[in-house]
Amino acid sequence: MDYKKRFQEVYEFLLPYQNIWQNEIMLQYPRPLDYYSTEWVNELAQIREKDDVIRLEKKDVFDFIKNPGLIDFYRRIEELSKVPAIENYPAMPENRYTFLFIIPKKEHEIRKLAPVVNAFKEKHEIERIFDIGGGIGLLAQTLSNEYNLPLTSLDMDPVLQKTGFERHEKNAKNPQNKVKYLNVKVDVNEPTFRKALTPNSMTLGLHTCGSLANSQIRASAELGVKGLINFGCCYIKLDGDPEGQNISSFSQSLPHKLEMNHFALTLSCRAHRKMSVKDYDLKQKVKFYRYAIHVLLHDEYGEKELLTLGNSSPKLYDESFGVYALEQLRRVNITPKHTKEELDQFFSRPDLQDLIWKMLAGNLIRNALGRVMEMYILLDRVIYLQEKGYDVHLYEFFNEELSPRNLGIVASK
């Protein structure tokens with residue numbers, strides 16, 4: 001793949017939609033749909049059957065969406081988000097204890113990633129693997145136990161490190177080659193970290209949150225390690241980090257750099273969250289109630305700024321909107337001037353119901369951009385590593401239904 005070409009295409013695609021992905025739709029009320037195509041919103045707002053709405057959430061749209069422009073929009077997202085799947089390697093050796101007490105998501109990730117790490121280590125003659133943000137060391141311990149690989153787990157949390165050390169002391173298969181634990185900050189200027197890494201080592205970061213991914217990538221490149229594998233995660237934590245985005249010289253050379261704000265980074269984190277049949281009813285009701293109370297507070301109570309209401313018990317959504325609204329008004333210390341019955345009538349107004357369906361349709365359009373925004377962040381990192389002299393590839397590793405952050409950067413010298 002020509003990563004600079006793809007990055008340029010992603011950039012050019014996202015730029016015209018900046019007012020959409022930079023803004024939560026509720027924050028735009030009373031003109032929430034100004035930046036959206038009226039034709040697109042009207043078509044999507046008419047799709048109200050449960051199964052069809054779930055298909056829209058999954059971007060499974062091509063056999064029942066009619067508007068040519070909207071079809072092209074979804075098709076282009078599909079094209080720009082496509083990356084090759086990682087090569088299949090022989091399965092990792094395991095026994096009935098290998099994944100004991102490990103959740104299905106983590107088990108799936110380790111099953112897929114471990115053979116890749118082992119093959120990478122053999123191909124590039126890696127002397128030691130440093131697991132970045134390793135926590136208690138589940139990945140490191142599995143690689144050590146099943147492949148007898150030399151691992152060091154790095155983490156800033158001494159409690160997690162102590163737990164991991166004690167766990168591995170009990171179940172290490174290779175007593176002469178147990179995982180080492182190093183309590184250290186991953187930073188190129190951290191002396192302990194600098195001393196640990198060697199030119200023949202590699203760094204491994206499975207779901208490195210926020211700026212930790214950039215720290216791994218930059219430190220690995222500046223210290224000249226032989227290779228790295230990185231999975232980004234929790235992009236919202238890049239908010240407020242002046243060096244968290246556009247780290248490549250190529251992205252910095254663009255005439256209008258895309259800088260994702262808090263709402264945009266949140267959207268890029270949620271690129272693969274999908275609604276299932278099981279949770280459809282509750283999630284739809286939550287959306288309807290939250291949009292409706294925002295309209296109520298704005299129109300009837302003079303609250304022009306969006307109030308943070310926090311999470312509510314699912315049981316509250318079993319009640320009518322009137323009961324829900326009175327509870328939320330109590331939470332934010334607003335004296336109600338409507339009865340429960342009046343609030344229920346407000347919620348049932350056909351014009352409000354129609355507006356909410358249109359806002360939900362707008363959100364479907366906005367949410368569809370999340371994966372492309374994630375691609376922008378990851379491609380920027382890929383290009384940075386290319387600029388530092390690495391051979392770099394971006395692969396799809398995991399089943400997105402089990403592990404939504406399923407794109408990994410693989411780089412070697």
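Because the structure is a prediction, the values reported are computed rather than measured.

Rules behind the numbers
Here the residue numbers are simple positions, counted from 1 along each chain's written sequence. Local features are withheld for residues below a pLDDT of 70 in this predicted model, meaning they are given only at 70 or higher, and side-chain atom pairs are given and counted only at 80 or more; totals for whole chains, interfaces and linings count all residues. No hydrogens and no water enter the side-chain calculation; it runs on all heavy atoms of the structure. Fitting a line to C-alpha atoms yields each axis, with helices limited to the stretch in contact; the angle taken between N-to-C directions then spans 0 to 180 degrees. Under the DSSP-based scheme used, a helix requires at least four consecutive residues in state H or I and a strand at least two consecutive residues in state E, with every element numbered from the N terminus. Here a crossing is taken to be left-handed if its near helix is turned anticlockwise relative to the far helix by less than a right angle, and right-handed if that turn runs clockwise. Whether two residues are in contact is decided by their heavy atoms: any pair within 4.5 Å suffices. Between any two strands, at least two bridges found by DSSP are needed for them to pair. A helix's residues, less one, multiplied by 1.5 Å, set its expected span. Across the chain, bend at a residue is computed as the angle between axes fitted to the seven residues ending at that point and the seven starting from it. Here's how the labels work: a residue is buried when its accessible area is under 20% of the maximum for its type, exposed when over 50%, partly exposed in between, all with a 1.4 Å probe on protein chains only. By convention in these notes, a salt bridge is any Lys or Arg side-chain nitrogen within 4 Å of a carboxyl oxygen on Asp or Glu. Geometry of aromatic contacts follows a simple scheme: Phe, Tyr and Trp rings, the Trp one being its six-membered ring, pair when their centres are within 6.5 Å, and the pair is stacked under 30 degrees between planes, edge-to-face over 60, tilted otherwise.

Considerations on the packing of helix α1 (residues 3–14) against helix α17 (residues 370–387)
And then number 1: Look at α1 against α17: their axes get within 9 Å of each other, and the N-to-C directions meet at 145 degrees. Helix-helix and strand crossings are classified by hand; for α1 and α17 the assignment is left-handed. In this structure, α1 uses Y3, K4, R6, F7, V10, Y11, F13 and L14 to contact α17, whose residues at the interface are V372, M373, M375, Y376, L379, D380, V382, I383 and Q386.

Digging into the sheet that holds strand β7 (residues 407–412)
And then number 1: The mixed open sheet is built from seven strands, whose spatial order is β3-β2-β1-β4-β5-β7-β6. The sheet is open, and its two edges are formed by β3 (180–183) and β6 (391–396), each paired on a single side. Strand-to-strand, the axes of this sheet are offset by a mean angle of 20 degrees, without reference to chain direction.
And then number 2: Running at roughly 160 degrees to strand β4 (residues 201–209), helix α6 (residues 104–124) makes contact with β1 (128–132), β4, β5 (227–233) and β7 of the sheet.

Quick notes on α6
And then number 1: Between its first and last C-alpha, α6 extends 30 Å over 21 residues, near the 30 Å set by a 1.5 Å rise per residue.
And then number 2: The principal kink in α6, of about 30 degrees, is found at L113, preceding the proline P115 by one to four residues.
And then number 3: Taken residue by residue, α6 has E109, I110, L113, A114, P115, V116, V117, N118, F120, K121 and H124 as its buried positions.
And then number 4: Each element contacted by the buried residues of α6 is listed here: β1, α7 (138–147), β4, β5 and β7.
And then number 5: Phi for E125, located one or two positions after α6, is positive at around 55 degrees.

Observations concerning the pattern of salt bridges
And then number 1: One pass over the full model with this rule turns up 27 salt bridges.
And then number 2: One salt bridge connects D354 with R48, and the closest N-O pair in it is separated by 3.7 Å. Here R48 lies in the loop between α3 (38–45) and α4 (50–57) and D354 lies in helix α16 (residues 350–368), a separation of 306 residues in the sequence.
And then number 3: For D354, a relative accessible area of 28% corresponds to the partly exposed category.
And then number 4: Of the residues examined, R48 reaches a relative accessible area of 35% and is grouped as partly exposed.
And then number 5: Its salt-bridge partner being K173, residue E146 comes within 2.9 Å of it at the nearest N-O pair. Remark: K173 occurs in the loop between α8 (158–171) and β3 and E146 occurs in helix α7; sequence separation between them is 27 residues.
And then number 6: For E146, a relative accessible area of 13% translates into the label buried.

A look at the packing of aromatic side chains
And then number 1: Evaluation of the coordinates by the stated rule reveals 20 aromatic pairs.
And then number 2: Each ring, one from Y289 and one from F347, has its centre 5.3 Å from the other, and the planes form 90 degrees; the classification is edge-to-face. Taken together, the residues Y289 in helix α13 (residues 277–300) and F347 in helix α15 (residues 340–348) connect sequence positions 58 residues apart.
And then number 3: Judged by relative accessible area, which is 4%, Y289 ranks as buried.
And then number 4: For F347, a relative accessible area of 15% gives the class buried.

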